[in-house]
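Here are the chains, one letter per residue:
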Amino acid sequence: MNALTEKIRELKAKKNAVILAHCYQNIEIDEVADFVGDSLYLSQQAAKTDADIIVFAGVFFMAQTAKILNPNKKVLLPRMESGCLMADMIDYKQLIDFKAQHPNIPTVCYINSTAEVKSECDICCTSSNAVRIVESLHAPEILFLPDTYLGKWTEKVLRNVKVITYPGFCPTHLRIKPEDVTEARKKYPEAEVLAHPECHQSVTELADYVGSTTGIMKYAAESSAKQFIIATEKGVVDRLKRDYKDKEFILIKDNIVCPNMKWNTLEDIYNALEYEQYEITVDENIAHKALKCIDRMLEVSK
Ligand code: 13P
Ligand code: SF4
């Protein structure tokens, strides 16, 4: 074990802290993390932790969600520059305008959104429960934001709900093109293609399986196939290669990397714990309203 890993573990025990890490983080973070997973799993862990300090190795909206769920705990984001480009595509005013253009329709926000946005939505969702969440509303049409592709994929799966989407997207997943799938299939004809629903629909419609980060990992673990083309962020491929040595995992193209997920190093995690930085705060009024939107999702996802 390296010295920094040891020090982080000591500090965690001393301060009664928990480290939550998203699967897109640099893989060495897993050595010190208590829980590693997708957005839904991590928010479920944040909702039930009894730690005094939560260090979120992920992006800003994840730490903000953890703070909303734990107003009396200290929530730390090791690098403040870890934003989500998709979450930043819609602010409060843009949300109000979008809702005004489509009045009296239930609004679902992807968890990749700010607290202000969540405070004005009916329910939030992640990529692993979007279908279930939209279904739970029993509405003929819904507004979905900010990710237009997750919204459209949900509409395609459900068939009987009209999903009106806001034009947001994930720049990392949109780098994957349908021709990348076609070329990869030619090169690896036996392989299964597993894609994240943040990809463009021209990509997801060519995939054998579409699912969240941990959905993809679970599918790959259980499939009898031996070779997989992975159409999502590189962190998923790194973990699959580490965990399933008898199978082959191919990142669909080079450099499918979310730069904001990669800021954190072990040193940043150590500094976060040692100096209790950088603390996330959320306006009490906004947090109260956003909590309803998050709690409703957690209730439906039980
Ligand atoms: P999931 O963790 O739900 O797979 O979402 C991926 C993502 O882009 C997180 O920001
Ligand atoms: Fe945001 Fe895309 Fe990065 Fe996820 S991968 S944090 S959606 S920019």
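Not measured: the values here are computed from a predicted model. (Residues numbered from 1 in each chain as written. Chains lettered and ligands numbered in written order. Predicted model: local features only at pLDDT ≥ 70, side-chain atom pairs only at ≥ 80, totals over all residues. Heavy atoms only, no water.)

A. Main features of the nonpolar core. Counting residues in each nonpolar core, the largest one holds 90 residues, and the members touching the most others are Val108, Cys125, Ile142, Phe144, Leu145, Ile230 and Met297. The residues contacting Leu145, other than those within four sequence positions of it, are Ile90, Leu95, Phe98, Thr107, Val108, Cys109, Tyr110, Val117, Cys121 and Tyr166. Core analysis: the next-biggest nonpolar cluster, separate from the first, contains 17 residues, Leu11, Val32, Val55 and Ala272 among them. (Core = buried A, V, L, I, M, F, W, Y, C linked by side-chain atoms within 4.5 Å. Buried < 20%, exposed > 50% of the residue type's maximum accessible area, 1.4 Å probe, protein only. Contact = heavy atoms within 4.5 Å.)

B. Summary view of the sheet that holds strand E7 (residues 141-145). Judged by pairing direction, the sheet is parallel, and its 4 strands sit side by side in the order E6-E5-E7-E8 without closing on themselves. If you trace the sheet from one side to the other, it starts and ends with strand E6 (123-125) and strand E8 (162-165), each paired once. Each strand of the sheet is rotated relative to its neighbour by a mean of 30°, with strand direction disregarded. The pairing of E7 with E8 spans 4 bridges and is classified as parallel. Counted as the bridge partner of Leu143 is Ile164 from E8. Packed on one face of the sheet, helix H7 (residues 148-158) meets strand E5 (107-110), E6, E7 and E8 and runs near 175° to E8. In the packing of helix H14 (residues 284-300) onto the sheet, contacts are made with E5 and E6, and the angle to E6 comes to roughly 60°. (Pairing = 2+ DSSP bridges. Helix = DSSP H or I, 4+ residues; strand = E, 2+ residues; numbered from the N terminus. Axes fitted to C-alpha atoms, helices over the stretch in contact; angles between N-to-C directions.)

C. How the structure looks around the site of ligand 2. Inspection of the region around ligand 2 gives Tyr24, Val59, Cys84, Leu85, Met86, Asn112, Cys170, Glu198, Cys258 and Met261 as its neighbouring residues. Here the residues of the shell around ligand 2 sort into 8 nonpolar, 1 polar and 1 charged. (Near = heavy atom within 4 Å. Nonpolar A, V, L, I, M, F, W, Y, C, P; charged D, E, K, R; others polar.)

D. Fine view of the pairing of strand E1 (residues 17-22). In terms of burial, E1 is largely enclosed, as 6 of its 6 residues are buried. Alternating residues of E1 divide into Ala17, Ile19 and Ala21 and Val18, Leu20 and His22, and every residue in both groups is buried. Note: E1 against strand E3 (residues 53-57), 5 bridges, orientation parallel. Within E3, the residue paired with Leu20 across the bridge is Phe56. Bridge count between E1 and strand E2 (residues 35-37): 3 bridges; the pairing is parallel. Bridge pairing links Leu20 to Phe35 in E2.

E. Fine view of the site of ligand 1. Residues in close proximity to ligand 1 total 13 residues, the closest being His22, Ser39, Ser127, His196 and Thr213. His22 is positioned with one of its side-chain polar atoms (N or O) 2.6 Å from an oxygen atom of ligand 1. One of the side-chain N or O atoms of Glu198 is found 3.0 Å from an oxygen atom in ligand 1. Against a free-state accessible area of 300 Å², the protein chains account for coverage of 96% of ligand 1. Residue composition of the shell around ligand 1, grouped by class: 4 nonpolar, 7 polar and 2 charged. (Polar contact = N/O pair within 3.5 Å; in protein donor to acceptor, adjacent residues only side chain to side chain. Areas by Shrake-Rupley, 256 points an atom, 1.4 Å probe, with all protein chains shown as cover.)

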